[in-house]
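Given next are the chains, with one letter for each unit.
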Amino acid sequence: MASPDPSVTDRVRALVAAHRGDRGALLPILHRIQAEFGYVDSDVVPVLATELNISRADVHGVVTFYTDFRAEPAGRTVVKLCRAEACQSVGAEQLVAYAERTLGIKVGQTTPDGSVTLEQVFCLGNCALGPAGQIDERVHGRLTPARLDALVTKAVDA
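Counting restarts for each chain: residues are numbered from 1 in the order of the written sequence. Reporting of local features is limited, given that this is a predicted model, to residues whose pLDDT is at least 70; pairs of side-chain atoms are given and counted only at 80 or more, and all residues count toward the totals for whole chains, interfaces and linings. Neither water nor hydrogens contribute to the side-chain values; these are computed over all heavy atoms in the structure.

Chemist: Describe in detail the nonpolar core, supporting the description with residues and values.
Modeler: Formed by 17 residues in total, the largest nonpolar core has its most connected members in V12, L30, I33, V40, L48 and V59. At the level of elements, α1 (6-19), α2 (26-37), α3 (45-52) and α4 (56-65) are the ones that each hand at least two residues to this core. Whether two residues touch is decided by their heavy atoms; if any such pair falls within 4.5 Å, the residues are in contact. Beyond its immediate chain neighbours, meaning those up to four positions away, V40 contacts L30, I33, Q34, V63, F69, R70 and A71. By size, the runner-up hydrophobic cluster in this structure holds 13 residues, among which are V96, V116, L118 and L148. Among buried residues, those of type Ala, Val, Leu, Ile, Met, Phe, Trp, Tyr and Cys that are joined through side-chain atoms within 4.5 Å constitute a nonpolar core. Relative accessibility under 20% of the residue-type maximum defines a buried residue, over 50% an exposed one, and the middle range a partly exposed one, all with a 1.4 Å probe and only protein chains included. Under the scheme used here, helices are H or I runs from DSSP no shorter than 4 residues and strands are E runs no shorter than 2 residues, and both carry numbers assigned from the N terminus.

As C-alpha coordinates, this is what we get:
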(Lines give C-alpha, C1' and ligand atoms only; values in the text may rest on other atoms or scores of the structure.)
Protein backbone atom coordinates (compact mmCIF):
# COMPACT_ATOMS: atom_id res chain seq x y z
CA MET A 1 0.00 0.00 0.00
CA ALA A 2 1.36 3.39 -0.97
CA SER A 3 1.68 6.17 1.55
CA PRO A 4 -0.59 9.12 0.96
CA ASP A 5 0.87 12.35 -0.33
CA PRO A 6 2.57 14.22 2.56
CA SER A 7 0.23 17.18 2.14
CA VAL A 8 -2.77 14.84 2.39
CA THR A 9 -1.30 13.19 5.49
CA ASP A 10 -0.73 16.61 7.07
CA ARG A 11 -4.28 17.69 6.25
CA VAL A 12 -5.75 14.47 7.68
CA ARG A 13 -3.69 14.94 10.84
CA ALA A 14 -4.99 18.51 11.13
CA LEU A 15 -8.58 17.27 10.80
CA VAL A 16 -7.92 14.69 13.52
CA ALA A 17 -6.36 17.37 15.73
CA ALA A 18 -9.50 19.50 15.36
CA HIS A 19 -11.54 16.62 16.81
CA ARG A 20 -9.05 15.15 19.25
CA GLY A 21 -10.80 14.36 22.50
CA ASP A 22 -14.27 14.36 20.94
CA ARG A 23 -16.35 11.27 21.62
CA GLY A 24 -17.02 9.40 18.41
CA ALA A 25 -14.58 11.57 16.47
CA LEU A 26 -14.14 9.15 13.57
CA LEU A 27 -17.44 9.90 11.81
CA PRO A 28 -17.08 13.70 11.78
CA ILE A 29 -13.45 13.34 10.68
CA LEU A 30 -14.43 11.02 7.82
CA HIS A 31 -17.16 13.46 6.74
CA ARG A 32 -14.64 16.30 6.70
CA ILE A 33 -12.13 14.22 4.73
CA GLN A 34 -14.76 13.37 2.16
CA ALA A 35 -15.96 16.98 1.97
CA GLU A 36 -12.41 18.19 1.39
CA PHE A 37 -11.07 15.47 -0.92
CA GLY A 38 -14.29 14.12 -2.45
CA TYR A 39 -13.68 10.60 -1.13
CA VAL A 40 -11.91 8.66 1.62
CA ASP A 41 -8.78 7.21 0.04
CA SER A 42 -7.76 3.85 1.47
CA ASP A 43 -4.27 5.29 1.98
CA VAL A 44 -5.57 7.56 4.76
CA VAL A 45 -6.98 4.63 6.76
CA PRO A 46 -3.65 3.81 8.46
CA VAL A 47 -3.07 7.50 9.21
CA LEU A 48 -6.48 7.76 10.88
CA ALA A 49 -5.94 4.52 12.79
CA THR A 50 -2.60 5.71 14.14
CA GLU A 51 -3.80 9.21 14.98
CA LEU A 52 -6.98 7.98 16.71
CA ASN A 53 -5.31 4.96 18.33
CA ILE A 54 -7.79 2.51 16.83
CA SER A 55 -7.29 -0.41 14.47
CA ARG A 56 -7.20 -0.10 10.71
CA ALA A 57 -10.02 -2.65 10.67
CA ASP A 58 -12.17 -0.32 12.78
CA VAL A 59 -11.59 2.59 10.40
CA HIS A 60 -12.12 0.42 7.33
CA GLY A 61 -15.30 -1.03 8.85
CA VAL A 62 -16.83 2.40 9.37
CA VAL A 63 -15.84 3.63 5.90
CA THR A 64 -17.33 0.58 4.20
CA PHE A 65 -20.44 0.32 6.41
CA TYR A 66 -21.79 3.80 5.68
CA THR A 67 -22.81 4.16 2.05
CA ASP A 68 -22.22 7.92 2.05
CA PHE A 69 -18.46 7.39 2.17
CA ARG A 70 -16.77 6.88 -1.17
CA ALA A 71 -13.55 4.93 -1.73
CA GLU A 72 -12.89 6.73 -5.01
CA PRO A 73 -13.85 10.10 -6.46
CA ALA A 74 -17.42 10.51 -7.66
CA GLY A 75 -18.31 11.73 -11.12
CA ARG A 76 -18.86 15.41 -11.74
CA THR A 77 -22.62 14.72 -11.52
CA VAL A 78 -24.02 12.36 -8.87
CA VAL A 79 -27.40 10.77 -9.54
CA LYS A 80 -29.08 9.06 -6.59
CA LEU A 81 -32.24 7.09 -7.26
CA CYS A 82 -34.57 6.07 -4.45
CA ARG A 83 -35.26 2.36 -4.14
CA ALA A 84 -37.42 2.43 -1.01
CA GLU A 85 -40.82 0.75 -1.00
CA ALA A 86 -42.89 3.83 -1.81
CA CYS A 87 -40.79 4.59 -4.87
CA GLN A 88 -40.62 0.93 -5.86
CA SER A 89 -44.41 0.84 -5.97
CA VAL A 90 -44.45 3.55 -8.64
CA GLY A 91 -41.67 2.33 -10.90
CA ALA A 92 -38.32 2.99 -9.24
CA GLU A 93 -36.84 -0.36 -10.25
CA GLN A 94 -37.66 0.25 -13.89
CA LEU A 95 -36.14 3.73 -13.62
CA VAL A 96 -32.94 2.31 -12.10
CA ALA A 97 -32.73 -0.30 -14.87
CA TYR A 98 -33.26 2.46 -17.46
CA ALA A 99 -30.53 4.63 -15.91
CA GLU A 100 -28.10 1.70 -15.87
CA ARG A 101 -28.80 0.93 -19.55
CA THR A 102 -28.62 4.55 -20.65
CA LEU A 103 -25.46 5.41 -18.73
CA GLY A 104 -23.83 2.05 -19.43
CA ILE A 105 -22.97 1.53 -15.76
CA LYS A 106 -24.40 -0.23 -12.72
CA VAL A 107 -25.49 1.38 -9.45
CA GLY A 108 -22.35 2.30 -7.51
CA GLN A 109 -20.29 2.98 -10.63
CA THR A 110 -19.08 6.04 -12.49
CA THR A 111 -19.10 6.48 -16.26
CA PRO A 112 -15.69 5.96 -17.86
CA ASP A 113 -15.45 9.66 -18.72
CA GLY A 114 -16.08 10.59 -15.06
CA SER A 115 -19.19 12.59 -15.86
CA VAL A 116 -21.83 10.67 -13.87
CA THR A 117 -21.93 8.48 -10.78
CA LEU A 118 -25.10 6.44 -10.26
CA GLU A 119 -26.06 5.60 -6.68
CA GLN A 120 -29.03 4.16 -4.86
CA VAL A 121 -30.63 5.53 -1.72
CA PHE A 122 -33.39 4.14 0.42
CA CYS A 123 -35.49 7.24 1.00
CA LEU A 124 -35.14 10.86 0.11
CA GLY A 125 -38.22 11.90 2.09
CA ASN A 126 -40.10 12.58 -1.13
CA CYS A 127 -42.34 9.50 -0.96
CA ALA A 128 -45.52 11.17 -2.23
CA LEU A 129 -43.73 12.17 -5.42
CA GLY A 130 -42.02 8.91 -6.34
CA PRO A 131 -40.11 7.73 -8.08
CA ALA A 132 -37.72 10.21 -6.55
CA GLY A 133 -34.10 10.99 -7.20
CA GLN A 134 -31.41 13.43 -6.28
CA ILE A 135 -29.13 15.00 -8.83
CA ASP A 136 -26.23 16.99 -7.44
CA GLU A 137 -27.90 17.63 -4.08
CA ARG A 138 -31.27 18.65 -5.55
CA VAL A 139 -34.22 16.31 -4.98
CA HIS A 140 -36.65 15.66 -7.84
CA GLY A 141 -39.94 13.78 -7.84
CA ARG A 142 -42.16 11.99 -10.34
CA LEU A 143 -39.16 10.98 -12.37
CA THR A 144 -39.71 9.32 -15.72
CA PRO A 145 -36.99 8.14 -18.09
CA ALA A 146 -37.45 11.28 -20.22
CA ARG A 147 -37.34 13.60 -17.20
CA LEU A 148 -34.30 11.81 -15.79
CA ASP A 149 -32.53 12.17 -19.15
CA ALA A 150 -33.29 15.89 -19.28
CA LEU A 151 -32.14 16.51 -15.70
CA VAL A 152 -28.93 14.51 -16.09
CA THR A 153 -28.12 16.18 -19.42
CA LYS A 154 -28.69 19.61 -17.89
CA ALA A 155 -26.46 18.77 -14.89
CA VAL A 156 -23.68 17.31 -17.03
CA ASP A 157 -23.76 20.28 -19.41
CA ALA A 158 -23.75 22.86 -16.60
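After that view, the rundown keeps rolling.
Chemist: Could you give an account of the domain arrangement of the protein chain, with specific residues and numbers?
Modeler: Start and end points for every domain follow an automatic or database-based domain assignment. Domain annotation of the protein chain identifies domain 1 (6-65) and domain 2 (77-157). Look at where the C-alpha atoms of domain 1 and domain 2 centre, and you get two points 30 Å apart.

Chemist: If you had to explain the environment of D136 to someone new, which residues and values would you point to?
Modeler: Residue position: D136 is located in the loop between β3 (133-135) and β4 (138-140). Taking the C-alpha atoms as reference points, D136 and D113, 23 residues apart in sequence, are found 17 Å from one another. Counted as a polar contact is a pair of N or O atoms within 3.5 Å, where, for protein atoms, one must be capable of donating a hydrogen and the other of accepting one, and residues adjacent in sequence contribute only when both atoms are in side chains. There is a polar contact of 2.8 Å between the side chain of D136 and the backbone nitrogen of V78.

Chemist: Can you explain the packing of aromatic side chains? Please cite residues and give values.
Modeler: The description of two aromatic rings rests on the distance between their centres and on the angle between their planes. By convention, a stacked pair of Phe, Tyr or Trp rings (six-membered ring in the case of Trp) has centres within 6.5 Å and planes under 30 degrees apart, an edge-to-face pair has planes over 60 apart, and any other such pair is tilted. Enumeration according to the criterion identifies two aromatic pairs in this entry. When the centroid spacing of 4.9 Å and the interplanar angle of 90° are considered together, the rings of F65 and Y66 count as edge-to-face. Classification of Y66 by relative accessible area gives partly exposed; the value is 37%. By way of ring pairs, the aromatic residues F65, Y66 and F69 are connected into one cluster.

Chemist: How would you explain the sheet that holds β3 if you had to name every residue and give the values?
Modeler: When DSSP finds at least two bridges between two strands, those strands are taken to pair. Taking strand neighbours across the sheet as the criterion, the four strands line up as β2-β1-β3-β4 in an open arrangement whose pairing is mixed. The sheet is open, and its two edges are formed by β2 (116-121) and β4, each paired on a single side. Averaged over all pairs of adjacent strands, the angle between strand axes in this sheet comes to 25°, irrespective of strand direction. Relative to β4, β3 runs antiparallel, the two being bridged by three bridges. Within β4, the position partnered with I135 by the bridge is R138. Lines are fitted to the C-alpha atoms to define the axes, a helix being fitted only along its stretch in contact, and any angle between axes, read from their N-to-C directions, falls within 0 to 180 degrees. The strands that helix α7 (residues 145-157) touches are β1 (77-82), β2, β3 and β4; relative to β1, the one it contacts most, it runs at about 155°.

Chemist: Run through a nonpolar patch on the surface, naming residues and quoting values.
Modeler: Judged by side-chain polarity, L27, F65 and Y66 come together as a nonpolar surface patch covering roughly 310 Å² of accessible area. Here F65 is to be found in helix α4. Judged by its relative accessible area of 60%, F65 is exposed. Patches in this entry comprise residues that are over 30% relatively accessible and not in a salt bridge; like charges within 9 Å are linked, as are nonpolar side chains (Val, Leu, Ile, Met, Phe, Trp, Tyr) within 5 Å. For every accessible area listed, the method is Shrake-Rupley and the probe measures 1.4 Å; residues are considered covered only by the protein chains on display. We define a salt bridge as a side-chain nitrogen of Lys or Arg found within 4 Å of a carboxyl oxygen belonging to Asp or Glu.

Chemist: How would you explain the pairing of β1 if you had to name every residue and give the values?
Modeler: The buried fraction of β1 amounts to six of the six residues, a majority that puts the element mostly inside the structure. With burial as the criterion, each face of β1 is covered, one bearing T77, V79 and L81 and the other bearing V78, K80 and C82. Sheet topology places β1 next to β2; six bridges connect them, and they run parallel. Each residue of the ladder has a partner; that of V78, found in β2, is T117. Where β1 meets β3, three bridges bridge the pair, whose relative direction is antiparallel. For V79, the partnering residue across the bridge sits in β3 and is I135.

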